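# Structural overview for review
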Amino acid sequence: MSEKRFSHNFAKRDEDLPPRKIYPLPDYPQINQIQPFDSTNSHYAENVPIAIDFGRTNVRFGMAGSSDPFMTFPSITARYKNRKTNKQSTFIGYDVLVDSTIKANMKDPFDGQLITNWDTTEKILDYCFLHLGVNSQNRVNNPIVMNEILAPPLSQRAIVSELLYETYGVPSLAFGLDSLFSYYQNDGVSGLVMGSTHDATNIIPVLNKLPNLSITKRINVGGHQLNDFMRSLISLKYPYFPTRLNDWQIQQIVKDHCFVSKNFNEEIKHTLDLDYLEDHNITIEAPFNEITKEEKTEEQLRQDEIRRKENIQKLQEQAKAKRIEKLKLKQKDYEYYSNIRNSFEKLSKKEIIEIIREAGFDDEEDLNKYLANLEKQLKKSKLIDMDDDDEDDDNPENKYDFSILDIPTSELSPEQIKEKRRLRLIKSNLDAKQRARQEREEAKREAEELIRKDNEFRETNLEGWAKEKRQRLELVVKKRKERIKLKEELGDRKSKASQQRMKNIASLADDGPSDSDNLPSKSKRRHAATIDNDPNDNFGANDDDWAVYRDIAGVDDEELSAEELEEIYTLEKQLLEFDPTFTMDDTQERQFNYKTSTIHKFLRGPREFDSEDQHQLHQLNLNVERIRVPELLFQPSITGIDQAGIVEVMEDTILRRLPQELGFSGDVSSFEPVKLISNDIFLTGGNAMFPNFQERLTNDLRAVLPTELDFKVRIAKDPVLDAWRGMSKWSYNEFTNNKLKGFWTKQQYDEYGIYYMTDNGFGCVDLS
């Protein structure tokens, strides 16, 4: 088998797929200069109504009768003080974006749906009138038609009226709802109007051009709530994203990349499928300063490669030296304690116990367990015999004279006794090395025999051999997963495994009788020191205390993990070479690649992620969020808003509230007003521009309305601008044909007070 076929690297990007499209992160428009005022604007005409759409997001204004507003700008302001001249200036709309210092101080006059900063409101109105060309000594000799929210507080309407009448001296004034003006622009007569704006969504039944406000419903879900939801989702998804997204960017992301799902409950199940992600995942990249590297010559690249290889070799040699040094220490310990154990043959039991205690062990069993563990580790490393200094250990008689060992101790002098003890230790050491060589040779022969039998088994029964290898591979992988899971649980002090471990430790530390009672007083003290009898001891209360257990098990765990991986790789390599049904997709690392990782697909999309690529580190991937955010309009409960969605409210209005309001108790499908409004379900407002909105609403209404009740859903020609166009069209018709009958005049304001309002059929109620 070639090396190219077998690889444990993650799967690379499929070269057959085209590169992903990267969208730049939107930002505030680049404004180079302040919008100049033109006092000679020919667009302005005195006495002609002025239409002002004072929106939560944008302000639109212009003369009545125009097809488009004269100017549109964001409803933001900023105050800036020039330190050199000590003069303070106020900037409105796009002028705020000219300088970053000015932009940092921007704010809007709203608090939720209500206007609260009236000084800023007056500045915005000044900005509108001056740009329009009004210049008549702070008087505006034009009727004003202006939008308002549904059922505003009387104080809100009163302050706006007072501002326009007292400050600007306008001759007459009219208010109305955005959605009803948009319905008027689209030639609506009777229907169910849904206006979804920045702060709320209104469902308004209209019969013969008159809105029925008593059964109108408002849902507290609009563009603002959708933007906040998107911000929360992105913050949770990318908590360490290097760029902080501002309100404008979030708003543009929702506007440009979100869409309404035709079947949300079904589509949400497949949003993380690779095929779905290839078509619907959106990658947005934030700007950053990329550090460009100078291109090196071929000679420099060659030198860098040589140095890199030298550094790698040096590190490998250092690591090998450390491993060998560590193993040498283990070997010395093994030889030393083996000699001690071998010397027990001619010692009394009392002497053996004393030697064991001096060596730091409890008993002979403890010593044997320690030696067995050392021997196991040395055998695995195949370095149990590291006799670099003793080249002629095969003929020890050439170097040592062991004849003194056969002479009884009683016949020896004190110096000869010491020499005998020394030679006995050396003899034991040499015998141990000889046994180790024999064991190693025997193990090598056994390994060769196993390989021969394995090859013979494979050649005679390939299917059985492959089945056995697969079972072994499955068993090793399962044990590895269980061990990793147990390790993670032991790291959590609240887990079941960790609690059981503490119970075992506590049972071992019980004060009851134990084997340590038979030990000498010194050993008793050592054993007693490990028993927790102190009521003030709070070990384990801090999570850092549990790191002790992780540190103790760290080395063995690493060795075991390396052994498991080595066995897994060996089995996979054999299966890849000889089993035709075992492919690269069956290997462990391929099974855990980006194509099967739900977290990876959710965070990084359908392609491979390179953590060293600065571009990918500054990228957002939108997949689930694209349909989840607009779904708030249909299911506000997603974010905890305890209100019905637009479909439920429409169903309730058509089938229950409207017939009850008109005193009808029969079959609603035959009731004429119900037929009229259901035959024209009108959608307007910025949120109605989401793709698939009309189709989703049609499908959902068909599922809840009676089959014999016909209905039709339509969207405004321009859901955003039709509100201002309706204001312009209606006010111009009032000016030319009806002599402003729908307006509230300055005379009525002076006579009836600020709480009076003329009913004009656009949401304002006659309070006389």
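Residues numbered from 1 in each chain as written. Predicted model: local features only at pLDDT ≥ 70, side-chain atom pairs only at ≥ 80, totals over all residues. Heavy atoms only, no water.

Let us look at the UniProt feature "coiled-coil region" (unreviewed entry) in the protein. In this numbering, the UniProt entry assigns the feature "coiled-coil region" (unreviewed entry) to residues 298-332 and 426-460. As annotated, residues 298-332 comprises 100% helix and 0% strand, and the C-alpha atoms at either end are separated by 51 Å. Spanning residues 426-460, this segment combines 100% helix with 0% strand, and its end C-alpha atoms are found 51 Å apart. (UniProt positions renumbered as here; feature names shortened; annotations may be inferred. Helix = DSSP H or I, 4+ residues; strand = E, 2+ residues; numbered from the N terminus.)

Attention now moves to the packing of helix α2 (residues 118-132) against helix α3 (residues 154-167). α3 packs onto α2 with a crossing angle of 45° between their chain directions and a minimal axis gap of 12 Å. Taken together, the axis directions place α2 and α3 in an arrangement best described as oblique. Where α2 crosses over α3, the two elements pack in a sense that is right-handed. Across the interface between the two elements, W118, T121, E122 and L125 of α2 pack against Q156, I159, V160, L163, L164 and T167 of α3. Split by residue class, the contact of α2 with α3 holds six nonpolar, three polar and one charged. (Axes fitted to C-alpha atoms, helices over the stretch in contact; angles between N-to-C directions. Parallel < 35°, antiparallel > 145°, perpendicular 65-115°, else oblique. Left-handed = near helix turned anticlockwise from the far one by under 90°. Contact = heavy atoms within 4.5 Å. Nonpolar A, V, L, I, M, F, W, Y, C, P; charged D, E, K, R; others polar.)

Attention now moves to the sheet that holds strand β15 (residues 282-285). Spatial ordering of the open sheet is given by β1-β15-β16, a layout of three strands whose pairing is mixed. Each edge of the open sheet is held by one strand with a lone partner, namely β1 (22-24) and β16 (619-622). Each neighbouring strand pair of the sheet contributes to a mean axis angle of 35°, computed without reference to strand direction. Sheet topology note: the β1/β15 ladder contains three bridges and is parallel. Opposite P24, over in β15, you have E285 as the bridge partner. Its contacts with the sheet put helix α6 (residues 247-257) on β1, β15 and β16, and the angle it makes with β15 is roughly 150°. (Pairing = 2+ DSSP bridges.)

Below, the discussion takes up unusual backbone geometry. Despite not being glycine, A151 has its phi angle at roughly 50°, a positive value. Phi is positive for N208, which is not a glycine, with a value near 55°. Relative to the elements of secondary structure, N208 occurs in the loop between β12 (201-207) and β13 (210-211).

Turning our attention to the packing of aromatic side chains. Enumeration over the complete set of coordinates arrives at 27 aromatic pairs. With a centroid separation of 5.9 Å and 90° between ring planes, the pair formed by W465 and F578 is classed as edge-to-face. Separated by 113 residues along the polypeptide, W465 in helix α13 (residues 462-490) and F578 in helix α16 (residues 547-578) bring together distant segments of the chain. A connected cluster of aromatic rings, assembled from ring pairs, spans F37, F61, F70, F73 and Y127. Looking at K237, its charged tip hangs above the ring of F602, at a distance of 4.1 Å from the centre. The residue whose ring lies beneath R604 is F609, and the NZ or CZ to ring-centre distance is 4.1 Å. (Phe/Tyr/Trp six-rings, centres within 6.5 Å; stacked < 30°, edge-to-face > 60°. Lys NZ or Arg CZ within 6 Å of the ring centre and 35° of its normal.)

Moving on to empty space enclosed by the protein. One way to see where empty space is left: roll a probe the size of a water molecule over the atoms. Enumeration according to the criterion identifies two cavities of 30 Å³ or more in this entry. Its volume calculated, the largest cavity comes out at about 50 Å³. T77, A78, R79, T90, K107, D119, T120 and K123 are the residues that line the largest cavity. When residues of the lining of the largest cavity are traced back to their parent elements, those giving at least two are β5 (77-82) and α2. Considering only residue class, the lining of the largest cavity consists of one nonpolar, three polar and four charged. (1 Å grid on protein atoms, 1.4 Å probe; cavity = no way out; pocket = protein on both sides within 12 Å on 5 of 7 lines; lining within 4 Å. Points joined across faces, edges and corners; volume = space filled by probe spheres on them.)

So, about the sheet that holds strand β2 (residues 50-54). The six strands lie next to each other as β4-β3-β2-β9-β10-β19, forming an open sheet whose pairing is mixed. The open sheet terminates on both sides in strands that have one partner only, identified here as β4 (71-74) and β19 (744-745). Sheet topology note: the strand β10 (residues 172-176)/β19 ladder contains two bridges and is antiparallel. Looking across to β19, one finds that S172 is bridged to T745. Relative to the sheet, α3 contacts β9 (144-147), β10 and β19, its axis offset from that of β10 by approximately 150°.

As a further point, take the nonpolar core. One finds M650, I681, L683, F693, L697 and L701 to be the most contacted residues of the largest nonpolar core, which totals 50 residues. Of all the elements, helix α21 (residues 646-661) adds the most residues to this core, at six residues. Contact partners of I681, with chain neighbours within four places excluded, come to L192, M650, I654, L701, F711, K712, V713 and R714. Residues M63, I115, V140 and Y756 belong to the second largest nonpolar core, which totals 38 residues. (Core = buried A, V, L, I, M, F, W, Y, C linked by side-chain atoms within 4.5 Å. Buried < 20%, exposed > 50% of the residue type's maximum accessible area, 1.4 Å probe, protein only.)

A residue-level look at the protein finds 83% of positions with pLDDT of 70 or above and a mean pLDDT of 82. Considering only residues more than four positions removed or in separate chains, one finds that residues 1-13, a stretch of pLDDT under 50, has 32 contacts. Below a pLDDT of 50 lies the segment residues 511-534, which in the model reaches 17 contacts outside its immediate sequence neighbourhood of four places, other chains included. (pLDDT = per-residue confidence, 0-100.)

A few words on the pattern of salt bridges. Under the counting rule described, the total for this entry stands at 27 salt bridges. Note that K237 and E625 form a salt bridge whose closest N and O atoms lie 3.1 Å from each other. Of the two residues, K237 sits in helix α5 (residues 223-237) while E625 sits in helix α20 (residues 624-628), which places them 388 residues apart along the sequence. Judged on exposure class, the residue K237 and its partner E625 are both buried. A salt bridge links K269 to E266, with the nearest nitrogen and oxygen atoms 3.9 Å apart. Here K269 falls in the exposed class, since its relative accessible area comes to 60%. Using a relative accessible area of 38% as the deciding quantity, one classes E266 as partly exposed. The structure contains a network of salt bridges with shared partners spanning D68, D718, D722 and R725. (Salt bridge = Lys/Arg side-chain N within 4 Å of Asp/Glu carboxyl O.)

With that settled, the discussion passes to the pairing of strand β11 (residues 191-196). Among the six residues of β11, six are classified as buried, and the element is accordingly described as predominantly covered. Burial along β11 is two-sided: G191, V193 and G195 facing one way and L192, M194 and S196 facing the other are all buried. Taken together, the six bridges between β11 and β12 define a ladder with antiparallel strand orientation. Its bridge partner lying in β12, V193 is registered against I204. Where β11 hands over to β12, the hairpin turn is made up of four residues, counted between the paired strands. Across four bridges, β11 lies against strand β17 (residues 681-684) in parallel orientation. Paired with V193 across the bridge in β17 is F682.

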